[in-house]
Amino acid sequence: MYKSNNSQLDDYYTATTTTTTTTSSTTRNSRQSFQPADDSSSLHDSQQDLATVQQQQQQQQDQTNNNNNDSNLKRKCVDYHTCALNDVSSRLFKAKRFQDELYLQPHSSYLRLVHLPTSSLPHAIPSTAFLTYMAHVTRAKNSSPVMALSFTPGGRRLLTGNQDGEFTLWDGLTFSFELILAAHDASFRCMAWSHNQNYLLTSDASGNIKYWSPSIAPVQSLDAHGGNAIHALSFSPSDTKFVSCGDDSTVRVWDWAERREERVLEGHGWDVKTVAWHPRSSVICSGSKDNLVKLWDPRSGGNLSTLYGHKNTVTKVAWNDNGNWLLTASRDQLIKVYDIRAMRELCSLKGHYKEVTSIAWHPLYETVFASGGMDGTLIYWNIGPKGSEEPAARIPFAHDMAIWDLKWHPAGHLLATGSNDRQTKFWARNRHGSHDGLEQEEDENDEIIKDEIELGNHVGIVIGRRGATIIAMQRSTGTKMYVDQVRRVLQIEGTAKKIDAVKKRVGALLDRVNESSSGGMGGVGGGLSAGTSATGANMGLADSTPASSGASGSYYGPRG
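Definitions and limits used
Residues numbered from 1 in each chain as written. Predicted model: local features only at pLDDT ≥ 70, side-chain atom pairs only at ≥ 80, totals over all residues. Heavy atoms only, no water. Helix = DSSP H or I, 4+ residues; strand = E, 2+ residues; numbered from the N terminus. Buried < 20%, exposed > 50% of the residue type's maximum accessible area, 1.4 Å probe, protein only. Contact = heavy atoms within 4.5 Å. Areas by Shrake-Rupley, 256 points an atom, 1.4 Å probe, with all protein chains shown as cover. Polar contact = N/O pair within 3.5 Å; in protein donor to acceptor, adjacent residues only side chain to side chain. Core = buried A, V, L, I, M, F, W, Y, C linked by side-chain atoms within 4.5 Å. Salt bridge = Lys/Arg side-chain N within 4 Å of Asp/Glu carboxyl O. Phe/Tyr/Trp six-rings, centres within 6.5 Å; stacked < 30°, edge-to-face > 60°. Pairing = 2+ DSSP bridges. Axes fitted to C-alpha atoms, helices over the stretch in contact; angles between N-to-C directions.

## As for the overall build of the protein chain
Broken down by element type, the protein chain carries six helices and 34 strands. By the burial criterion, 47% of the 560 residues in the protein chain qualify as buried. Within the protein chain, contacts between residues separated by at least 24 positions form 53% of all contacts whose residues are at least 6 apart in sequence. Carbon and sulfur atoms make up 47% of the accessible area of the protein chain, which totals about 28,000 Å².

If you want it as structure tokens, here you go:
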């Protein structure tokens, strides 16, 4: 499924063959030309011929190098055309029984038989939706944190909105940069396409909502929520109305054509962080900083029901396309699934070690969804009869910082994530037989070693508030950590592979702190100068109790 788009490969081989043949014939001619001569004039002519031959050879070599460089500049891409052709050709013949269908084995020779996820809908194979291979990383010049993103209708391009209020347009096939333009005067907060895909809505941190055409041309602008940040937008099933929520503790219903506010839904006691309109009914769901999830009737403005399942800020809500399941995420590190037909909780999913910042249902498989966390972890879940309450696939440190938004490609074979680390990443399916991106099982015989990382003046940054950062890092990597506040070092105990993951994570964190404090100049003062020793000083890691002296060090073990 993955290949290099080297269209000039044949030309390169032709040029190389031609150069070799020409060089050989020229050499033979030069050998015939330089026969011993009796007079000085023949010797002078031979020297001129030799210089001419060397000049021709140099020009041919330069041309060959240019052709080689041109072929190396071609980008890699995720080419799904072969999969689409397989789907089209399979319509000519359908297996009578599911048992007659060919199973793809974990080997590269089965790549030519791969289909798009839509081809397996009659007999869903959720594992094809666990996109653990990082296909590409994009980062624009003078970039800032990516706050929102969305694929254009059809998935041909990806739109990202950053903290500076700028649109960035990326090619959805080759991931190349296409366009950047100013859209808002403040930071982006969300994007939402209408169901008929004719218009795009965007909002920012200053309470401004804008209408856009599919060609990303501005259509209309309006101010709302008293200048407070607008965190979410959602269209009604008929696209005649849309709903917004903001930091003024209200949910507002708008008329799309007349661009006027119809109704204000009041009932939350704090900032409303997320809102979503039911895909087929007149029901609105909202989540707030008051830990509550509320269901509203947009026609009367009344509160239909309140869900009290979370113990911290509700960051995201999302309706399943079947209209029966409601997905909620919170800063209490939990994801909950509700069945609104019975108003009961189906399951509570535990897998993140810090706040859950983004969620998205798969566009084709109704039991599969993805979630992103504050620590940059990306997790795929599969619920339902054949699913589990445990993560189906986990990518620790998919980003260096919080994943603010994630969106699926309409075909379901690609996932885009935008993060506070200023990067946008594209995730695709693994090759058959490959384990790239997946957590590898540790060998029981791996040696446990000890190592150190110098923190300098950034001890508090690594520890985090009440030890939250270092505790989350311990859970994700499976290591034990101890902060020596006198020497200002982070001491680690674990396998070599786990220690390398911690070094990479801490190094990226310290680099960002130094860049922000010095205006983007210089690296980390202390760096990652670590001395690995299997017989180092006792670090108190075997105990689950804090160190006896708070001045000399602190131990942070997993909580609960």
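Still to come is the rest of the account.
## As for the side chain of Ser-213
Within the element layout of this structure, Ser-213 appears in the loop between strand S10 (208-212) and strand S11 (218-223). Looking at Ser-213, its side chain comes within polar contact range of the side chain of Ser-215, at 3.0 Å. If we skip the residues at most four places from it in the chain, Ser-213 touches Asn-198, Tyr-199 and Val-219.

## Side note on unusual backbone geometry
Residue Ile-216 is not a glycine yet carries a positive backbone phi of 60°. Residue class for Ile-216 comes out buried when judged on its relative accessible area of 13%. With phi around 60°, Phe-397 is a residue other than glycine that occupies positive phi space.

## Some details on the nonpolar core
Within the largest apolar cluster, 19 residues are counted, with the highest numbers of intra-cluster contacts made by Leu-455, Leu-490 and Val-506. If you list the elements that add at least two residues to this core, you get strand S31 (449-454), helix H4 (459-463), helix H5 (468-477), strand S32 (480-484), strand S33 (489-494) and helix H6 (496-517). Counting residues per element, this core draws most heavily on H6, at five residues. Beyond its immediate stretch of four places on either side in the chain, Leu-490 contacts Asp-451, Glu-452, Ile-453, Leu-455, Val-462, Ile-470, Met-481, Tyr-482, Val-483 and Val-506. Ranked by size, the runner-up nonpolar core spans 17 residues in total, among them Ile-395, Ala-398, Leu-406 and Trp-427.

## A few points about the pattern of salt bridges
This structure, assessed with the given rule, holds 16 salt bridges. A salt bridge links Arg-156 to Asp-171, with the shortest nitrogen-to-oxygen separation between them at 2.8 Å. Here Arg-156, found in the loop between strand S4 (146-151) and strand S5 (157-162), pairs with Asp-171, found in strand S6 (residues 166-171); they are 15 residues apart in sequence, far enough to count as distant. Relative accessible area serves as the criterion here: at 41%, Arg-156 is assigned to the partly exposed category.

## Notes on the packing of aromatic side chains
Applying the stated criterion across every chain, the model contains 15 aromatic pairs. Geometrically, the ring pair formed by Phe-130 and Tyr-380 is tilted, given 6.3 Å between the ring centres and 40° between the ring planes. Pair noted here: Phe-130 is in the loop between helix H3 (81-90) and strand S3 (133-138) and Tyr-380 is in strand S26 (residues 378-382), with a separation of 250 residues, a long-range link. A relative accessible area of 0% means that Tyr-380 is categorised as buried. The interplanar angle of 65° and the centroid separation of 5.2 Å between the aromatic rings of Trp-361 and Phe-369 together place this pair among those described as edge-to-face. Taken individually, Trp-361 and Phe-369 each receive the classification buried, so the pair is uniform in this respect.

## Brief notes about the sheet that holds strand S17 (residues 284-288)
Pairing is antiparallel across the open sheet formed by four strands, whose spatial order is S16-S17-S18-S19. Each of the sheet's edge strands pairs with one partner strand only, and the pair in question is strand S16 (272-277) and strand S19 (303-307). Neighbouring strand axes in the sheet, compared pairwise and without regard to direction, differ in orientation by 20° on average. Here S17 pairs with strand S18 (residues 293-296) via four bridges, running antiparallel. The partner of Gly-287 across the bridge, within S18, is Val-293.

## Quick notes on H5
Counting buried positions along H5 gives seven out of ten residues, so the element sits mostly inside the fold. Looking only at H5, the buried set comprises Ile-470, Ile-471, Ala-472, Met-473, Gln-474, Ser-476 and Thr-477. Just downstream of H5, Gly-478 is the residue with a positive phi angle, here 75°.

## Digging into the sheet that holds strand S21 (residues 325-330)
Taken together, four strands build an open sheet; the order of strands is S20-S21-S22-S23 and the sheet is antiparallel. Looking at which strands have only one partner, the edges of the open sheet turn out to be strand S20 (314-319) and strand S23 (344-350). Direction aside, neighbouring strands of the sheet carry axes that sit 20° apart on average. As defined by bridge partners, S21 adjoins strand S22 (residues 334-339) across five bridges and the pair is classed as antiparallel. Counterpart to Thr-328 in the pairing with S22 is Lys-336.

Read these as geometric descriptors, not functional statements.
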